[in-house]
Amino acid sequence: MAHKMALESDLVKADVVESMEFPHLAVKYHVQGVPRTIVNETIHFEGALPEARLVAELGKKLSE
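Conventions we followed
Residues numbered from 1 in each chain as written. Predicted model: local features only at pLDDT ≥ 70, side-chain atom pairs only at ≥ 80, totals over all residues. Heavy atoms only, no water. Helix = DSSP H or I, 4+ residues; strand = E, 2+ residues; numbered from the N terminus. Buried < 20%, exposed > 50% of the residue type's maximum accessible area, 1.4 Å probe, protein only. Polar contact = N/O pair within 3.5 Å; in protein donor to acceptor, adjacent residues only side chain to side chain. Contact = heavy atoms within 4.5 Å. Core = buried A, V, L, I, M, F, W, Y, C linked by side-chain atoms within 4.5 Å. Pairing = 2+ DSSP bridges.

Asker: Sorry if this is basic, but what is going on with the side chain of R36 here?
Answerer: With respect to the helices, strands and loops of the structure, R36 is situated in strand β1 (residues 36-39). Taking relative accessible area as the criterion, R36 reaches 19% and is therefore assigned buried. One polar contact links R36 to E46, side chain to side chain, over a distance of 2.3 Å. For R36, the residues in contact, after removing those within four places along its chain, are Y29, H30, V31, H44, F45 and E46.

Asker: I'm lost on the nonpolar core in this one. Help?
Answerer: Buried together is how nonpolar side chains tend to be arranged in soluble globular proteins. Within the largest apolar cluster, 5 residues are counted, these being V39, I43, F45, L54 and L58. Contributing elements (two or more residues each) for this core: β2 (43-46) and α3 (51-62). Among all residues touching I43, those that are not within four sequence positions of it are T37, I38, K61 and L62.

Asker: Would you mind showing me how to read unusual backbone geometry here?
Answerer: Most peptide bonds adopt trans geometry, and most residues besides glycine take a negative phi value. Looking along the chain, the bond that leaves V34 and enters P35 is cis, with omega of -5°. Along the polypeptide, P35 turns up in the loop between α2 (23-28) and β1. Unlike most non-glycine residues, H30 shows phi in positive territory, near 55°. With respect to the element layout, H30 can be found in the loop between α2 and β1.

Asker: Help me out: how do you make sense of the pairing of β2 in this one?
Answerer: Burial along β2 is one-sided: I43 and F45 are buried, while H44 and E46, pointing the other way, are not. Of the strand pairs in this sheet, β1 and β2 are connected by 4 bridges, and their pairing is antiparallel. Pairing of T37 across the sheet is with F45, part of β2. Counting the residues between successive antiparallel strands, the hairpin from β1 to β2 contains 3 residues, one of them, N40, with a positive phi of roughly 55°.

As structure tokens, this is what we get:
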């Protein structure tokens, strides 16, 4: 989903990191399960969220 958003907007950047290949990043971002989505280093979601829920949660958290 993050990559779809990045394709639609130049304001969004998305990267995928293989936690087994970059264990220091898995530790830094407290990866307990995958996928783990991290937004602006502060917002995070564990697991695959349906598109509508991800958009709703992002809107809610970014407006706080």
